[in-house]
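Here are the chains, one letter per residue:
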Amino acid sequence: QVQLVESGGGLVQPGGSLTLSCAASGFTFSNYRMRWYRQPPGKERELCAVITSTGGVTTYADSVKGRFTISRDNAKNTVYPQMNSLKPEDTAVYYCNVDLGGTLYGAYWGRGTQVTVSS
């Protein structure tokens, strides 16, 4: 059973930092690129960051580039988006995503973790 469990969300002041995590299970984590999305209140879900299977290549949305850093630990089956210089507009539910192939073919999502940036 494929599972993605996000954690680490919470309330943070503008300018602050937060590191989320996504623990994966049920598939060969080291074979797949991982994605982080977010959904601000009242808006559509948007892609924030992508990391390749080895962690060698990362890409970011313009809205988070230079402030967010995504990394992964394949030994722990976990991916970590570190978020710095947070702004109120970063307030959203953050989701982990993987698209699998083979017998587990499909898009899988975690339940999300809430990040609120407010003074």
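## Re the pairing of strand β1 (residues 3-7)
Turning to step 1, where the next piece is worked out: Residues L4 and E6 line the buried face of β1, whereas the alternating positions Q3, V5 and S7 sit on a face that is not buried.
Turning to step 2, where the next piece is worked out: Relative to strand β4 (residues 21-25), β1 runs antiparallel, the two being bridged by five bridges. Within the sheet, the bridge partner assigned to Q3 lies in β4 and is S25.

## Focus: the pattern of salt bridges
When the charged atoms of two side chains lie near each other, side chains of opposite charge can form a pair.
Turning to step 1, where the next piece is worked out: One pass over the structure, following the stated rule, counts five salt bridges.
Turning to step 2, where the next piece is worked out: Two residues, D99 and R35, come together in a salt bridge whose shortest N-O distance is 3.3 Å. Of this pair, D99 sits in strand β10 (residues 92-100) while R35 sits in strand β5 (residues 34-39), placing them 64 residues apart in sequence.
Turning to step 3, where the next piece is worked out: Given the relative accessible area of 17%, R35 is considered buried.
Turning to step 4, where the next piece is worked out: A salt bridge links R38 to E46, with the nearest nitrogen and oxygen atoms 2.6 Å apart.
Turning to step 5, where the next piece is worked out: With relative accessibility at 3%, the residue R38 sits in the buried group.
Turning to step 6, where the next piece is worked out: For E46, a relative accessible area of 30% corresponds to the partly exposed category.

## Considerations on the side chain of T52
Turning to step 1, where the next piece is worked out: Assignment of secondary structure puts T52 in the loop between β6 (46-51) and β7 (58-60).
Turning to step 2, where the next piece is worked out: When neighbours within four sequence positions are excluded, T52 is seen to be in contact with Y32, R33, V57 and R72.

Conventions we followed
Residues numbered from 1 in each chain as written. Predicted model: local features only at pLDDT ≥ 70, side-chain atom pairs only at ≥ 80, totals over all residues. Heavy atoms only, no water. Buried < 20%, exposed > 50% of the residue type's maximum accessible area, 1.4 Å probe, protein only. Helix = DSSP H or I, 4+ residues; strand = E, 2+ residues; numbered from the N terminus. Pairing = 2+ DSSP bridges. Salt bridge = Lys/Arg side-chain N within 4 Å of Asp/Glu carboxyl O. Contact = heavy atoms within 4.5 Å.

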